[in-house]
Every structure is written in structure tokens, then in C-alpha cells.
Amino acid sequence: ASARYFISSGVDDLQLLIAVVCSISGAYVGNFFGNLVDSRFNHWHSLLMGTLFCNTVFALLSLLLPILTLTQPTIWEGSLWLAPFSSSFCGAASAFAGHTSDLQMFYRKGNHKSAIENAIANIGASSIVLIIAIRFEHLVAEGIQEKISNEL
């Protein structure tokens, strides 16, 4: 009965299913790219580059995609995939949970300096991404306002 309800109850369940698929695939994609970056760069000093890369790139994607749709809001509203991709896929691929595990690993090994360096790098990169996204949002909003003013 629950499977029939899931299939027949409508868009909300479909959006939930898409979000789950995005989360699972995002975790695999983030793990793949994190391992790929780690295999190429290994450790740069004591920084785990795969985690830092995934946190930075996927956080940037998850913040910029919704901002890009400000110019075309119907794209976001009409899409079943864009919101789950931006939040679920990018959130899972960002490896933020991996960052927490990395810190715990360093701490348990008594390597507090590496834990602090990784925390600063990941939080710093995330902060820079957030500042870029906020500035980008302001630029897009200003462009929209200018376009509206010119049309009047």
C-alpha cells in the first residue's frame, strides 16, 4: 500500500525521490572527485585537498545556481531537478561531513595543528565562496533592477 501511495500521491513525492537520488549520487560524485584530487595532490602540507576542493566547488555551485535563476525565475519554478540538484546533490558532494571526519581523525591522532589548519582552510574557503555568492547576487539583482528601470 505504501508503494502505491508513493507513486500515486503526486509531485511532492516525485520531488522527494529526486532529492534522494540527488543526495546519493552527490555523495558518490563528491567522493570520486575528492579521491581524484587527493590522488593528484595528496596532502599539501597538512591540508587534505580532496575535501577542500569538494567543499569549495560544490558550495559555490549550490550558492550560484539559485542566483543565476533570478534572471529567469520560471526556470527554477518549472524545474523538478534544479532545486534538488542545487541543495541535495551539491550538499552531499560538498564533503562537509568528510571535513568533520578529517578533523576528528587529526584530533584523535594528536595532530592538533593539522586539524586547525584544515578547519581554517575549509571554513575560510567556504566564507570566501559565500562572499562571492553574495556579491554575485547583488550584481544580478542590480542588473535586473536596471533592466526594469530601462523598460519603464
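If you're wondering where the values come from, they're calculated on a predicted model, not measured in any experiment. (Residues numbered from 1 in each chain as written. Predicted model: local features only at pLDDT ≥ 70, side-chain atom pairs only at ≥ 80, totals over all residues. Heavy atoms only, no water.)

Novice: Is there a simple way to think about the nonpolar core in this case?
Specialist: Side chains of nonpolar character tend, in soluble globular proteins, to be buried together. Ranked by size, the top nonpolar core spans eight residues in total: Ile-18, Cys-22, Cys-54, Phe-58, Phe-89, Cys-90, Ala-93 and Ala-95. A total of three residues in this core trace back to one element, the largest contributor, which is helix α5 (residues 82-93). Setting aside its immediate chain neighbours within four residues, Cys-90 contacts Phe-58, Leu-61, Ser-62 and Phe-85. Formed by six residues, the second largest nonpolar core is a distinct cluster that contains Val-37, Leu-47, Ala-121 and Ala-125. (Core = buried A, V, L, I, M, F, W, Y, C linked by side-chain atoms within 4.5 Å. Buried < 20%, exposed > 50% of the residue type's maximum accessible area, 1.4 Å probe, protein only. Helix = DSSP H or I, 4+ residues; strand = E, 2+ residues; numbered from the N terminus. Contact = heavy atoms within 4.5 Å.)

Novice: What am I meant to see in the side chain of Ser-114 here?
Specialist: Along the chain, the position of Ser-114 falls in helix α7 (residues 112-151). Judged by relative accessible area, Ser-114 falls into the buried class, the value being 5%. Setting aside residues no more than four positions away along its own chain, Ser-114 makes contact with Ser-46 and Phe-106.

Novice: Can you help me understand the packing of aromatic side chains in this one?
Specialist: Between two aromatic rings, the relevant description is the distance of the centres plus the angle of the planes. If you walk through the whole model with that rule in mind, you get three aromatic pairs. Look at Phe-32 and Phe-33: their rings are 5.3 Å apart centre to centre, the planes differ by 75 degrees, and that puts the pair in the edge-to-face class. Classification of Phe-33 by relative accessible area gives partly exposed; the value is 32%. Through a chain of ring-to-ring contacts, three or more aromatic side chains come together here, namely Phe-58, Phe-85 and Phe-89. (Phe/Tyr/Trp six-rings, centres within 6.5 Å; stacked < 30°, edge-to-face > 60°.)

Novice: Just checking my understanding: could you explain a nonpolar patch on the surface for this structure?
Specialist: On the surface, a nonpolar cluster with roughly 420 Å² of combined accessible area is contributed by Leu-14, Leu-17, Val-21, Leu-80 and Trp-81. Here Leu-14 lies in helix α2 (residues 11-41). (Patch = residues over 30% accessible without salt bridge, like charges linked within 9 Å, V, L, I, M, F, W, Y side chains within 5 Å. Areas by Shrake-Rupley, 256 points an atom, 1.4 Å probe, with all protein chains shown as cover. Salt bridge = Lys/Arg side-chain N within 4 Å of Asp/Glu carboxyl O.)

Novice: It is not clear to me how the state of the cysteines should be interpreted in this structure. Could you clarify?
Specialist: What makes a disulfide is a covalent bond joining the sulfur atoms belonging to two cysteines. Throughout the structure, instances matching the rule amount to zero disulfides. For Cys-54, which is in no disulfide, the shortest distance to another cysteine sulfur is to Cys-90 and amounts to 11 Å. Looking at the unpaired Cys-90, the closest cysteine sulfur is the one in Cys-22, lying at 8.8 Å. (Disulfide = S-S within 2.5 Å.)

By themselves, these figures tell us nothing about what the structure is for.
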